[in-house]
Every structure is written in structure tokens, then in C-alpha cells.
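Survey of secondary and tertiary structure
Residues per chain are reported as follows:
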Amino acid sequence: MARRGEKRIWAFAEASDSGGLVALMRLWIESLRVRGIAKETVEHYEWAISSFILWCHERGLTRPEEVSRPALERFQRFLFQHRTAKGRPLSFRTQYKRLAAPKYFFRWLARQGYLPHNPASDLDMPRLGRRLPRQILTAAEAEKVLAQPDLTDPIGIRDRAILETFYSTGIRRGELVRLALYDIGFEKGTLMIREGKGQKDRVVPIGERALSWVEKYLMDVRPHLVVPPDESAVFLTYMGVPFHPDGLGHEMKKYLLASGVGKEGACHIFRHTMATLMLDGGADIRYVQEMLGHSKLDTTTIYTQVTIDKLKKIHDATHPGARLRKASETEQEKEG
């Protein structure tokens, strides 16, 4: 998927020599695919490194040996000072992702012998804080979003099934896009997630309600959408092909906006919501970790910081200084 600036890279790519940045970028991207790196990750690196190379070409840097440590630091300052169309600075997380591509690219160039040393080896990356999820739905808000699809329209039934699946399982949008018919365990109430983040498979439970909507979609809608040859993808666009993750996000965002809950997001908001509501309901954090497919418990622990309602109730009930009334007054009442 071409992004802003990428077409300008391809416009002069053919004129680049075999040892130029563009030609070597293509070899690096191909090496990522050969290693089995997730498609979405490869696409991000391809876009990010294309943007970096465009920046380099605009400054007369066309070959890797011309890119020095000071040049990389100038690019880092460029990202820090950059403003979006809305006048906002790039978040440190976005800056980190944009810098990671050239950092890994030059490491690969050095290892493959295209460079005598890696100019990005000691590049100081932006520090990333542990962020709380910005948007989480309450149970009532989630139900309001789920009620938005028009159930008189087959596409509305499909979208209700998608929303229910997100809410019930918390899977990532890329994982939902890759779901195949044989990944649904109707008898056991499970989904097989193949090649999730880190290329890891896992099995997650899916609730009865979500499963019933998926079954309705498969029986009443999918047969009318599918275009031969059927590649077994569960959820299909109106064109009869599997979703692209970005397209799926766009479709789901419409329902969030239409619900009027006043929260931004699309697919991932249901992942945050599922994890938070399960912890609020008393789920062990290790079970939630398994559901989300996190390799480290620390990644899941962040959700314990947003279950504030339950923590507030416990604090009010157990802390002697939490209430406005003095503890001595309570003791006097007991004695009386």
C-alpha cells in the first residue's frame, strides 16, 4: 500500500545504482519477508525506510556510506520538530518506530558487508514511557457500539459478527483478518489464532453470543459474498475478498463514531476493553495475558492500572482515612 512520499521514491528508484540506498532497501525488505516477518510489520518497515531514504535523497545522500551518525541525528531532530497536518508533534512512540527502520537497516547492511561499520549502532533512541490505553469502553458503551450495525442489511450482520468477535476475544485486527473457517471451534467455543504477534499460535475462547453471530454470518451472509476460489477467510468484504487491516479499521471506526460514546478508536479499543473488563470482573492476570497473546506479563500489567473503579471501591472499604467521616465517629456509633 503506497503512502505519502513512497511514490516519489519509486520514481527515481530505477535510476539508482545497485549499491544505492533504494536498491539495498529492496534487498533488506526481501530479507525480512524470507525470514517470515509478519506482513504488517514488513509493510511498516518498508514505508518507514522509504520515508527515511526520501529524506536522504532530498539532502543529496544516495548511498549508504554517505549516511553518517550526524546525518542520522539530524533525521532524529527532523522527526522531533516535525508537525502533522493538524499541527501536532509526532509522539515519542511514533518517532521511535520511524527511527527503528533505519537502525535495523544499517545493522543489516553492516552484517551483510555493504558497510564497514554501522553508523546507527550507538544512536540514542527516544525513551518510551509505559502508556495507559487512552480509550476504553465501559460495558454499557460497548453494547451501544455493538448495536450500531443495521441487521436488516447482510453487511450489517457481518459487521455485528466482527464487533462481537473483537469484544469477546480481544484479538488484533490482523489476527481477525487472517482467521480461516477451520480456525473456529464451534463445539469447544474457541478460535485458533495462527501466527499472531511474534509468529506465535494460540487458542482463545470466544463467548456463546459472539459465536452465535459468527454462525449466523457464515450461514446467511458469507455464501453470498464469497468469490471462487474460496480461500477460507472467515470475514470477507463486499467484493468477496479478505479485508486489509486498514480497511477493517476504517469500517469499524464508523460504528464507534455513530454510537455517540465520544471515544476514539476502531478495532484495538475492543482489545483494551476486553482486558480491562475481564480484570475488573476478577480474572487472573495470567489468563488475560494468555488471551492477549503477550509474551511478557509486564505488557499485560498495564491493564491493572486502568481498573480504577474496582480499586476505588476497595480503597473506600478498607482504608480508615478514605471517608470524609472520621474514624472516631464510626467507633462512637458502634459503641452506642
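Being a predicted model, the structure only gives us computed values, none of them experimental.

A short note on the overall build of the chain
Each helix and strand counted, the chain has 16 helices and 3 strands in total. Residues counted as buried form 43% of the 336 residues belonging to the chain. Taking the contacts inside the chain whose residues are at least 6 apart along the sequence as the reference set, 59% of them involve residues at least 24 apart. Entry remark: accessible area of the chain is about 19,500 Å², with carbon and sulfur atoms responsible for 53%.

What about the confidence of the model for the chain?
With 82% of its residues at a pLDDT of at least 70, the chain reaches an overall mean of 85. Element-level pLDDT for the chain is lowest in helix H1 (residues 6-13), with a mean of 48, against a maximum mean of 97 in helix H9 (residues 208-220). Confidence drops under pLDDT 50 across residues 1-12; counting only partners more than four residues distant or on other chains, this segment forms 22 contacts.

Side note on helix H6 (residues 139-146)
All buried positions along H6 are accounted for by Glu-141, Ala-142, Val-145 and Leu-146. Down the axis, H6 shows its buried residues gathered within 140 degrees of arc, on one side only.

Quick notes on the packing of aromatic side chains
Counted under the stated rule, the structure contains 14 aromatic pairs. Ring plane angle 65 degrees and centroid distance 5.2 Å describe the contact between Trp-55 and Phe-75, whose orientation is recorded as edge-to-face. Of this pair, Trp-55 sits in helix H3 (residues 39-57) while Phe-75 sits in helix H4 (residues 69-81), placing them 20 residues apart in sequence. Judged by its relative accessible area of 4%, Trp-55 falls in the buried class. For Phe-75, a relative accessible area of 0% translates into the label buried. Three or more aromatic residues joined by ring pairs make a cluster, and in this case those are Trp-28, Tyr-45, Phe-52, Trp-55, Phe-75, Phe-78, Tyr-104, Phe-105 and Phe-106. Between Arg-59 and the ring centre of Phe-78, over which it is positioned, the NZ or CZ distance is 5.8 Å.

What about the environment of Ser-91?
Mapping Ser-91 onto the fold places it in the loop between H4 and helix H5 (92-111). Accessibility expressed as a relative area gives 33% for Ser-91, which makes it partly exposed. In the structure, Ser-91 is positioned 11 residues away from Phe-80 in sequence and 8.5 Å away in space, judged by C-alpha atoms. At a separation of 2.9 Å, a polar atom in the side chain of Ser-91 contacts the side chain of Thr-94.

Some remarks on the sheet that holds strand E1 (residues 184-185)
Read from one edge to the other, the open sheet built from 3 strands follows the order E1-E2-E3, with strand pairing classed as antiparallel. The sheet terminates laterally at E1 and strand E3 (202-205), the two strands that pair on one side only. Summarising the sheet, E1 and strand E2 (residues 190-193) pair through 2 bridges and their orientation is antiparallel. Its bridge partner lying in E2, Ile-184 is registered against Leu-191.

Things to note about the packing of helix H12 (residues 268-280) against helix H13 (residues 285-292)
Axis separation between H12 and H13 bottoms out at 10 Å; the angle between their running directions is 160 degrees. As far as their axial angle goes, H13 and H12 are roughly antiparallel. Judged by the twist between their axes, the crossing of H12 over H13 is right-handed. Side by side, H12 and H13 meet where Arg-271, Met-274, Ala-275, Met-278 and Leu-279 of the first sit next to Ile-285, Val-288, Met-291 and Leu-292 of the second.

So, how was this worked out
- In this convention, every chain numbers its residues from 1, walking through the sequence in written order.
- Two thresholds apply to this predicted model, a pLDDT of at least 70 for residue-level local features and 80 or more for giving and counting side-chain atom pairs, whereas whole-chain, interface and lining totals are computed over all residues.
- Here the side-chain values reflect all heavy atoms present in the structure, with hydrogen atoms and water set aside.
- The helix and strand labels rest on DSSP assignments: H or I over at least four residues marks a helix, E over at least two residues marks a strand, and numbering proceeds from the N terminus.
- A 1.4 Å probe rolled over the protein chains alone gives each residue an accessible area, and that area as a share of the maximum for its type sets the label: buried under 20%, exposed over 50%, partly exposed in between.
- We call two residues contacting when some pair of their heavy atoms lies within 4.5 Å.
- Here the Shrake-Rupley method, with its probe set to 1.4 Å, supplies the accessible areas, and only the displayed protein chains count as covering residues.
- Confidence of the predictor in every single residue is expressed as pLDDT, which spans 0 to 100.
- The reported arc concerns the directions from the helix axis to the C-beta atoms and nothing else.
- Working definition: rings of Phe, Tyr and Trp (its six-membered ring) pair if their centres are within 6.5 Å, and the pair is stacked with planes under 30 degrees apart, edge-to-face with planes over 60 apart, and tilted otherwise.
- Think of it as a cone above the ring: NZ of Lys or CZ of Arg counts as a charge over the ring if it is within 6 Å of the ring centre and within 35 degrees of the ring normal.
- Polar contacts here mean pairs of N or O atoms no more than 3.5 Å apart (in protein, one a potential hydrogen donor and the other a potential acceptor; neighbouring residues in sequence count only if both atoms are side-chain atoms).
- For two strands to count as paired, DSSP must find a minimum of two bridges between them.
- Each axis is a line fitted through C-alpha atoms, taken for helices only over the stretch in contact, and angles between the N-to-C directions span 0 to 180 degrees.
- By definition in this entry, angles of less than 35 degrees are roughly parallel, angles greater than 145 are roughly antiparallel, angles of 65 to 115 are roughly perpendicular, and the rest are oblique.
- We call a crossing left-handed when the near helix sits turned anticlockwise from the far one by less than a right angle, and right-handed when that turn is clockwise.

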